[in-house]
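If you want the building blocks of each chain, they are given just below.
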Amino acid sequence: MEVRGERTQLLSMTPQELGEYLRGLGQPAFRAKQLFAWLHQGVPFEGMTNLPRALRETLRESCIDNPVRVLETITSSLDGTVKLLYALPDGHVIEGVLMRYKYGNTLCLSTQVGCRMGCLFCASTLDGCARSLTPGEMLGQIVCANGVLAAQSGDGKEPARVGNIVLMGSGEPFDNYDNVVKFLNILHTEGGLCIGMRSVSLSTCGLVPQMLRFADEGLPVTLSLSLHAPNDEVRRQLMPIARRYAMDDVLSACRHYIEKTGRRVIFEYALVHGVNASPEQAAELAGKLRGMQCHVNLIPLNSVPERGLQGVSEREVDIFRRALEQRNISVTRRREMGDDIEGACGQLRRRYLGQKESD
Ligand code: SAH
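As a starting point, this report considers the structure included with it. (Residues numbered from 1 in each chain as written. Predicted model: local features only at pLDDT ≥ 70, side-chain atom pairs only at ≥ 80, totals over all residues. Heavy atoms only, no water.)

**Concerning the overall build of the protein chain**
Right, so step 1: Along its length, the protein chain carries 11 helices and 14 strands.
Right, so step 2: A globule of 359 residues ought to have a C-alpha radius of gyration of about 21 Å, and the protein chain, at 21 Å, matches this closely.
Right, so step 3: Along the first, second and third principal axes, the C-alpha set of the protein chain runs to 70 × 45 × 40 Å.
Right, so step 4: Of the contacts made within the protein chain by residues no fewer than 6 positions apart, 66% connect residues no fewer than 24 positions apart.
Right, so step 5: Here the protein chain displays about 15,900 Å² of accessible surface, and carbon together with sulfur accounts for 46% of that area. (Helix = DSSP H or I, 4+ residues; strand = E, 2+ residues; numbered from the N terminus. Rg over C-alpha atoms; globule rule 2.2 N^0.38 Å. Contact = heavy atoms within 4.5 Å. Areas by Shrake-Rupley, 256 points an atom, 1.4 Å probe, with all protein chains shown as cover.)

**What about the side chain of Gln27?**
Right, so step 1: With respect to the secondary-structure elements, Gln27 resides in the loop between α1 (15–24) and α2 (31–41).
Right, so step 2: A distance of 3.3 Å separates the side chain of Gln27 from the side chain of Arg31, its partner in a polar contact. (Polar contact = N/O pair within 3.5 Å; in protein donor to acceptor, adjacent residues only side chain to side chain.)

**Side note on the pattern of salt bridges**
Right, so step 1: A complete count under the given rule lists 14 salt bridges for this structure.
Right, so step 2: For the salt bridge of Arg23 with Glu20, the shortest nitrogen-to-oxygen distance reads 2.7 Å. Taken together, the positions of Arg23 and Glu20, both in helix α1 and three residues apart, correspond to about one turn of that helix.
Right, so step 3: Note that Arg116 is salt-bridged to Asp175, the shortest N-O span being 2.7 Å. Of this pair, Arg116 sits in the loop between β7 (112–114) and β8 (129–132) while Asp175 is found in the loop between β9 (162–167) and α5 (177–187), placing the two residues 59 residues apart along the sequence.
Right, so step 4: Classification of Arg116 by relative accessible area gives exposed; the value is 58%.
Right, so step 5: Residues joined by salt bridges that share partners form a network here, namely Asp90, Arg131 and Glu137. (Salt bridge = Lys/Arg side-chain N within 4 Å of Asp/Glu carboxyl O. Buried < 20%, exposed > 50% of the residue type's maximum accessible area, 1.4 Å probe, protein only.)

**A closer look at the packing of α1 against α2**
Right, so step 1: Running from N to C, α1 and α2 point in directions that differ by 120°, and their axes come no closer than 8 Å. Relative to α2, the element α1 lies oblique. For the pair α1 and α2, the sense of crossing is right-handed. Two secondary-structure elements touch here, α1 through Pro15, Leu18, Gly19 and Leu22 and α2 through Arg31, Ala32, Leu35, Phe36 and Leu39.
Right, so step 2: Split into classes, the residues belonging to the contact of α1 with α2 amount to seven nonpolar, one polar and one charged. (Axes fitted to C-alpha atoms, helices over the stretch in contact; angles between N-to-C directions. Parallel < 35°, antiparallel > 145°, perpendicular 65-115°, else oblique. Left-handed = near helix turned anticlockwise from the far one by under 90°. Nonpolar A, V, L, I, M, F, W, Y, C, P; charged D, E, K, R; others polar.)

**Points about the site of the ligand**
Right, so step 1: Taken together, 19 residues are adjacent to the ligand, and Phe121, Ser203, Ser226, His228 and Asn302 come closest.
Right, so step 2: A distance of 2.9 Å separates a nitrogen atom of the ligand from a polar atom in the backbone of Phe121.
Right, so step 3: Broken down by secondary-structure element, the contributors of at least two residues to the shell around the ligand are β10 (200–204) and β12 (265–271).
Right, so step 4: When the residues that make up the shell around the ligand are grouped by side-chain class, the tally is 10 nonpolar, seven polar and two charged. (Near = heavy atom within 4 Å.)

**Comments concerning unusual backbone geometry**
Right, so step 1: Not every positive phi belongs to a glycine, and His228 is a case in point at roughly 60°.
Right, so step 2: Position of His228 relative to the elements: it lies in the loop between β11 (222–226) and α7 (232–238).

**Details of the packing of helix α4 (residues 135–152) against α5**
Each pair of packed helices gets described by two things: the angle between the helix axes and the distance between those axes.
Right, so step 1: Where α4 contacts α5, the two axes come as close as 8 Å, and the packing angle between them is 45°. As judged from the angle between their axes, α4 and α5 are oblique. The chirality of how α4 crosses α5 is right-handed. Every residue of α5 that contacts α4 at Pro135, Met138, Leu139 and Ile142 is listed here: Asn179, Val180, Lys182, Phe183, Ile186 and Leu187.
Right, so step 2: Its residues placed into classes, the contact of α4 with α5 shows eight nonpolar, one polar and one charged.

**Concerning the nonpolar core**
Right, so step 1: Core analysis: the biggest nonpolar cluster contains 108 residues, and Ile165, Leu187 and Phe267 have the highest contact counts within it.
Right, so step 2: With eight residues, α4 is the single largest residue contributor to this core.
Right, so step 3: Among the nonpolar cores identified, the runner-up in size contains five residues, and Met99, Cys108, Val166 and Met168 belong to it. (Core = buried A, V, L, I, M, F, W, Y, C linked by side-chain atoms within 4.5 Å.)

Everything listed here is a matter of geometry and, on its own, says nothing about what the molecule does.
What follows is the structure in structure tokens.
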């Protein structure tokens, strides 16, 4: 059971665990289903009208319905992307991004407060990792975003909901393995948010043992692998984790995932001027990925001033992309969303914390 800030986080529990908890309060088994549904609909205890009033009162005193609270939302005037800043029960602050696509709403979730992987280009890691998030704190971000969507939709209309999840906010999902797996299991449980694994992308910097283990969980999410380099030498310049796991082993783990799940792997590649973005490096990358069921997602670097890394021009992106295409590697350039609202990982949270310090 997940306990933070002393009160019990009910959103971290499976229906079975809720049943156990309620049994301890002398409640019949069927209440678990009712409570589970309310929690995932974002209804506070007082609004759970089919639960006895006394039970609602007991729960309100000793439990938290949603451990995540929206502190601030910023909506992009360019594309409707919403940047969310959330508060957790112990005062930590995390962030997320809600992207409005034609085919539905995608929410980018954080899995930790900060990150300890140390990737040179990433703002989330600059202050290290304060702690990992509980399953309820991951689910709670979705419940909050559904609330934001409901508030934005017009009267009388069926409110829009989050349909797709990307675990690409702050944190390394596989550095919080058990909580992330439990989160995914609750996410597709009937009576809750009911988001299927095919609507989830999990992005990792490449923790090989966890990648191998995850392939056996029976959770066929889309695996995104942050590669960012054509070889170990360049990868080690950008990502400390590359000193622990060789690229060959990371790619073998990807092949294993493809075999086990039948799903292609997405390689994330942030182009950094003068480091990993030359046409020769594109050719080397293509050689490494030849014959693999995969797709490369090119991300123009969101420059992080603290680290002095430089992004690339449109022309450099094009040349790199064509060099991959010519070698039959499926590739796209990631669309930039919310460019005017600090959409990139960790940027908004940093600004918020920086402001608080200077207050
Ligand atoms: N820890 C996970 C998920 C979080 S980051 C991972 O490493 O995959 C989500 C993606 O954004 C990763 O591919 C990450 O490398 C990339 N990213 C982080 N900072 C970036 C920046 N400044 N510009 C472009 N991409 C960045």
